[in-house]
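Each chain, letter by letter, is given below.
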Amino acid sequence: MEPKLLFAINGKRFEVAKVHPSTTLLEFLRTQTPFTGAKLGCGEGGCGACVVILSTYDPVSDQVEEFSVSSCLTLLCSINFCSVTTSEGLGNSKDGFHSIQQRFAGFHASQCGFCTPGMCMSLFAALTNADKSSRPEPPDGFSKIRKSEAEKAVAGNLCRCTGYRPIADACKSFAVDVDLEDLGLNTFWKKGVEDADINRLPRYCRSAISTFPDFLKSEIKSLLGSLENSKDVSFPECHWYRPSGIEELYKLLNSNEFDESRVKLVVGNTGSGVYKEKELYDRYIDLKGIPELSMIKRGDSGIVFGAAVPISRAIGELNKGKERMFQSKESLIFAKIAEHMDKVATPFVRNMASLGGNLIMAQRNQFASDVATILLATGSTVCLQMPSKRLTLSLEEFLQGPPCDDRSILLSIHIPCWSSTMESCSEANQHTISASTSEPSILFETYRAAPRPLGNAVSYLNSAFLANVSMDKNSGDSVILDLNLAYGAYGGEHAIRAREVENFLIGKVLTASILLEATKILRKTIIPKEDIPHSNYRSSLAVGFLFKFLGPLTKELHVPEKNLHVDTSGVFELTGHPNGKIIGNADTLVHRESNCTLTSSLDDILSSRQSIQFSKDYYPVGEPIKKVGAEIQASGEARYVDDIPSPKDCLYGAFVYSTRALAHIKGVQFNSTPSSPKVIAYIGAGDIPKGGQNIGLDVLNLTEVLFANSLTECAGQALGIVIAETQKLANMAAKQARVKYSTENLEPPILSVEDAVKRSSFFEIPPFFRPQKVGDFSKGMAEADQKIHAAEVKLSSQYYFYMETQSVLAIPEEDNCILVYSSSQCPEVAQKTIAKCLGIPFHNVRVITRRVGGGFGGKALRSVPVATACALAAFKLRRPVKMYLDRQTDIVMMGGRHPMKINYDVGFKSDGKITALHVDILINAGITSDLSPIIPLNTVTALKKYNWSALSFDIKLCKTNISTKSAMRGPGEVQGSYIAEAIIQDVASFLSKDIHSVKMKNLHTYDSLKLFYPVSAGDVPEYTLPSIVDDLTSSARYSERLETVQRFNGFNKWRKRGISWVPVIYQVTQMPTPGKVSILGDGSIVIEVGGIELGQGLWTKVKQMAAFALGQLWDDGSQNLLDKARVVQADTLSLIQGGITSGSTTSESSCAAVRESCKILADRLKPVKEHLEAQMGSVSWDNLIVQATRQSVNLSAHAYWVPERTSGIYLNYGAAMSEVEIDVLTGATTIMRTDLIYDCGQSLNPAVDLGQIEGAFVQGIGFFMCEEYVVNGDGLAVSDGTWTYKIPSLDIVPKEFNIKVLKSGFHEKRVLSSKASGEPPLLLAASVHSATSEAIKAARLEFLAIDKPDGSPSFFKLEVPAIMPVVKELCGLDNVEKYLENIVTVCSSSGSLTR
Ligand SMILES: Cc1cc2nc3c(=O)[nH]c(=O)nc-3n(C[C@H](O)[C@H](O)[C@H](O)COP(=O)(O)OP(=O)(O)OC[C@H]3O[C@@H](n4cnc5c(N)ncnc54)[C@H](O)[C@@H]3O)c2cc1C
Ligand code: FES
Ligand code: FES
């Protein structure tokens, strides 16, 4: 009998006889088990949504080992005899939730909830491992984990909603060194009122979860003898082989059945996250069964790692000895290697990713490896097994050799001890050591410049340097005796040794001129390939790192002589030697700070303060209650569309999209591949049923086609969908589709707004969406003392990056009806479009949306074509069809924020008061208009936040051949608000005035506000911005900190700080919204609203409102109805006119509709209650409902809330101040602190609003600082996955994040005095950008003394996003060389340069 795969999931036994070897654990979990906690967010190891715990059991030692893994990369066949724990296994609604889940809920750390199970699992793994350590026992209720470790535990997991602060708090609440008082708003204690006490927190009990079931232990024990025989863990039925030795491996490879097959050797399979598999392999060989590949040997000459050793295990081994009091030099160097490896990927990838797999990818695929670079510097060797021989090669030889074929096996890696590497070299260079020379010192340092400081991002360049240096005690000269300089990831073929630089430096005394010469040789050595982005930046990093390493050893640089007139303090601060003297021995030198992507310490803990004024006026409205369903979100039981079990006969669809901007489609063909038989159909424009139409969206009297007919008009346009038996096969087939294009007789596509202007390609802006000018521009210009003409600002796009991609399940029903579950922000639009596409009445289409894993506008209209395509396929095939877009397709097809080009003329007085502004705005709307007609109005409305005195504009909505741009959170407003800041900044720079005073000069008075916002300004007391700005600048001590920043900049050359604040005025419009409230016989309440729960807390607020409104029946509000209310999914056939959940106001509109419905019910219940009270004295809710039911009172009420035309538009106010620090050598920006004040009126739920504020702000950081949206020559998005599209992670948010949720009192025309919070705070992230600009200005002023990096030091434009290369470029890509040249010149002219 063939062996079966045996494992446990959440304590349940699973035995699998046959499965395709490519099946991942995630696929199995999601399709073959009831567990939905592990989510698919990216499928490439980059997001953490799929994290589960994998446990192994050693029957000999009776020990269980647990570690986190990304289940999207882990292959099912590789988990034989393992136990898997998903978030449901941690805790669930039936057995009780785990304290991790409860604390995530109670700290408000789950919004849409899609990331939450993965976060919980990452934290659980970290707690478990910390608690297994030999550290002292923690006090009861705490883990042994430390705060910094708890925070780091989830640094590799992405969240697009929360802004991470509450997640960090939930994690830190377990830490032994936490001060609970420091944690943020939570439901466990009332901050400032009750003591923060561990006993108030859900109790953490270490042994509560058994990750390895006893039955599996017993089975493993009973197999003890045979387990060692690896044949038992090969699964020939599954085409999965696990040889137990090299000989057996080659026997397999040479056997006949392998000849014709596509064979894949695997260890951790994480490489498939890097290089996506386009077709299935037939057979897999698991190398982990070969003992030689999994051993670790430590000896005098160093450490030998088997190639299959996971990186995390290697880190553990390298760190051994680190914690000893007297560390050996070897252990320090090994610990440095470990420290660098700790930034490779994420814990859940490193736990599976092998050292050998990494090196093979570096060698064979030119992967930008960190491992290769650091091991290259240490002089490591590898042992390579070829079919006929075994070779030991230096890593350099290995990397330089021809790409390994799939019969070459990497066996082991030897990392030598420093002494063995360097001893011979130092002997060779003895002649350079004079009598006064000290003992040679070994220095080892590694560097990486990457978008994320703690990992989960490949570097722009990495390097590792090993040096043997001697210092002359008398002169302080440093002589390089030997040197290994390794560079990698910069876009060369592989990591290299900079040999010429090494040879040049060896034997030399380090001086500024020698270092300068070395940088010149280095520039000629580190040359990225032609197509590598930011190539100049990468070479400048190479120089910067060399300078970081050798600068402190260079005498002229570390002795600040007054006559040099050069401030070198920055150099020493970077290296931890502020007094300019390098003292100590090799050990202290190897301890130098090496991380250059984060200028402050990696152990910095996020800190935060929240100031919230609560209101009891409308109890329980106004209470910071936790989000509805937060615990089931954390346990993974909350259902998103893809979690709905696939119905019988379900098929799966994937889009085939155009990769060309404008072309005739001449045909779509599919290769015949092994998976072809599983492909069922291709559905295209020809499949629209009779009576239907080829439409994918029907809104605002505009339609767009579903599938391109014969002409594609943009890259990313849907051509059709492939239908297959599984989602994986559908995705593969769609990617393999060969589309034949022809551009015959076609004009070139319009790809830019400039092209659109040339060819007059515009969408019309309807009159009611046209913004209004203010004042007389010409007159204002005439009054100006100074003018700036035709200044330009360019803004690029931003992708939504909701964690759940677009998903749909369409089920054909009887009588030509169809049921569609869609992750949509507008089911009503989907219903209408689907009906028109299928040619059936609207009432035949039921669209249901329960919850959405993040929307941000991307699941508004853009979800509709996806739902329609899926419905069409289901309708045509008469079978259920599911579509869950892979991340790449989602990025390519869904578009994002509108790119813009802006030119402006501004006139101003010498004191900074602006007298007139004219802006020309070209908006790139893409190929269809979607919601673009609202963008001009939104942009100008947000731009009006300053008093420009007179404002005119010309706006064009350009129709181009790129993917449709839709309404992303703060659509148009983000750009408008930023344009305003850019103009203020230019005016300040022009006048050489500080930006703060120019802002203050141009803030609105109430009178000017009324002029610019005639409809929405409201009454005088409602204009809270001036007091917010006063409060912010005084509470965040702007003037004092500005001085500190300036002092810091005076003392530091290579690090600069900036501080800035920005205000926001954000207009919102309430929309008509339906609501329905029904009371059931047991007194429970069911609520339906038009709004969709996207994570923004809509359901929570609605529940509070229903409890408040129905509770009004009792004067004292004594009936707590909160727990009786339940909000249910949106269903287009149950509640009509749901509209679109967008514009920040759906929660309050839904609340208003619910309040009206409740009022109707209360009016019906009141007479019953009065009657009962007359009889019984008092009456409870339950009793009242029983009686009302008996008396046939209609207990269901529906309302359609329509806001008043004038008061439905209002303004929101806020301001934020940020302080940043930039690393002038790498361009890395660290956000040191942000203070933010936001007026929420009287918040309906301050915890929800706080979450919206923080989350929006961090999403804004993404737009302004991180997210580079790159397209190719056809306009096709190429930053199309977690590898290249970098949303903020926990390690880039402000280190200190202080928020004040302002309660601005009574607002008569608002819903219970509340105001919106969903979008406006996003705009405030411009404060980070503005502060970065200030820091760059300081850097440019510093280096102006040497050379002008690029024009005037203070007049420059910082692009959006201000990613590392952009910041560095503005600071000067060659500032190190310029600096050294200057020193050399000064030294030689002062005669101090004697060598
Ligand atoms: C999200 C993510 C982020 C990452 N970030 C980084 C990073 O910042 N820096 C960095 O350096 N790396 C990074 N990596 C790469 C990671 O280190 C490698 O994917 C991993 O080490 C590969 O090991 P594996 O065991 O999973 O290899 P597998 O995926 O199993 O194999 C990879 C390839 O190597 C072959 N192979 C594996 N072992 C051997 C062997 N012993 N002999 C011959 N062939 C072999 C396989 O056949 C396959 O072709 C990242 C990976 C992911 C998924
Ligand atoms: S889905 Fe596995 S890491 Fe993103
Ligand atoms: S709550 Fe984290 S992605 Fe939505």
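This write-up is about the structure you can find in this document.

What counts, and where the lines are drawn
Residues numbered from 1 in each chain as written. Chains lettered and ligands numbered in written order. Predicted model: local features only at pLDDT ≥ 70, side-chain atom pairs only at ≥ 80, totals over all residues. Heavy atoms only, no water. Helix = DSSP H or I, 4+ residues; strand = E, 2+ residues; numbered from the N terminus. Buried < 20%, exposed > 50% of the residue type's maximum accessible area, 1.4 Å probe, protein only. Polar contact = N/O pair within 3.5 Å; in protein donor to acceptor, adjacent residues only side chain to side chain. Contact = heavy atoms within 4.5 Å. Near = heavy atom within 4 Å. Areas by Shrake-Rupley, 256 points an atom, 1.4 Å probe, with all protein chains shown as cover. Nonpolar A, V, L, I, M, F, W, Y, C, P; charged D, E, K, R; others polar. Pairing = 2+ DSSP bridges. Axes fitted to C-alpha atoms, helices over the stretch in contact; angles between N-to-C directions. Parallel < 35°, antiparallel > 145°, perpendicular 65-115°, else oblique. Left-handed = near helix turned anticlockwise from the far one by under 90°.

Comments concerning the side chain of Asp370
At step 1: Counting through the fold element by element, Asp370 comes out in the loop between α16 (355-365) and α17 (371-377).
At step 2: Assessed through its relative accessible area of 5%, Asp370 is described here as buried.
At step 3: One polar contact links Asp370 to His340, side chain to side chain, over a distance of 2.8 Å.
At step 4: Apart from the residues lying within four places of it in its own chain, the contact partners of Asp370 are His340, Val344, Arg448, Ser459 and Asn462.

A word on the side chain of Lys172
At step 1: If you trace the backbone, Lys172 turns up in helix α6 (residues 165-172).
At step 2: Leaving out residues up to four positions away in the same chain, Lys172 has contacts with Lys147, Ala150, Glu151, Val178, Leu183, Ile605 and Leu606.

Examining the site of ligand 1
At step 1: Around ligand 1, the surrounding shell holds 36 residues, and the nearest of these are Leu265, Thr270, Gly271, Ser354 and Asp370.
At step 2: In this structure, Val267 approaches ligand 1 through a main-chain N or O atom, which is 2.7 Å from an oxygen atom.
At step 3: A distance of 2.9 Å is found between an oxygen atom of ligand 1 and a backbone nitrogen or oxygen belonging to Asn269.
At step 4: Protein chains shield 96% of the accessible area of ligand 1, which is 970 Å² for the free molecule.
At step 5: Residue assignment for the shell around ligand 1 shows that the elements contributing at least two residues are β7 (263-266), α16 and β13 (409-416).
At step 6: Element by element, the count of residues in the shell around ligand 1 is highest for α16, at 5 residues.
At step 7: Classifying every residue of the shell around ligand 1 by side-chain character gives 22 nonpolar, 10 polar and 4 charged.

Some details on the sheet that holds strand β8 (residues 283-286)
Hydrogen bonds along the backbone pair up the strands of a sheet, which may run parallel or antiparallel.
At step 1: Strand order in the open sheet formed by 3 strands is β6-β8-β7, with parallel pairing between adjacent strands. Looking at strand neighbours, the two that pair on one side only are β6 (240-241) and β7, the edges of this open sheet.
At step 2: As defined by bridge partners, β6 adjoins β8 across 2 bridges and the pair is classed as parallel. Looking at β8, one finds that Tyr241 is bridged to Ile285.

Focus on the packing of helix α40 (residues 1146-1176) against helix α41 (residues 1181-1190)
At step 1: Running from N to C, α40 and α41 point in directions that differ by 110 degrees, and their axes come no closer than 10 Å. What the angle tells us is that α40 and α41 run roughly perpendicular. For the pair α40 and α41, the sense of crossing is right-handed. Residues Leu1165, Val1168, Lys1169, Leu1172 and Met1176 of α40 lie in contact with α41, whose contacting residues are Trp1181, Asn1183, Leu1184, Ile1185, Gln1187 and Ala1188.

Remarks on the packing of helix α30 (residues 827-838) against helix α31 (residues 863-877)
Packed helix pairs are specified by the crossing angle of their axes together with the interaxial distance, meaning the distance between the axes.
At step 1: In the contact formed by α30 and α31, the axes pass within 9 Å of each other and the chain directions differ by 40 degrees. Considered as vectors, α30 and α31 are oriented oblique to each other. Note that α30 runs across α31; the crossing there is right-handed. Seen from α30, the contacting residues are Val829, Ala830, Thr833, Ile834, Cys837 and Leu838; seen from α31, they are Val864, Ala867, Thr868, Ala871, Leu872 and Phe875.

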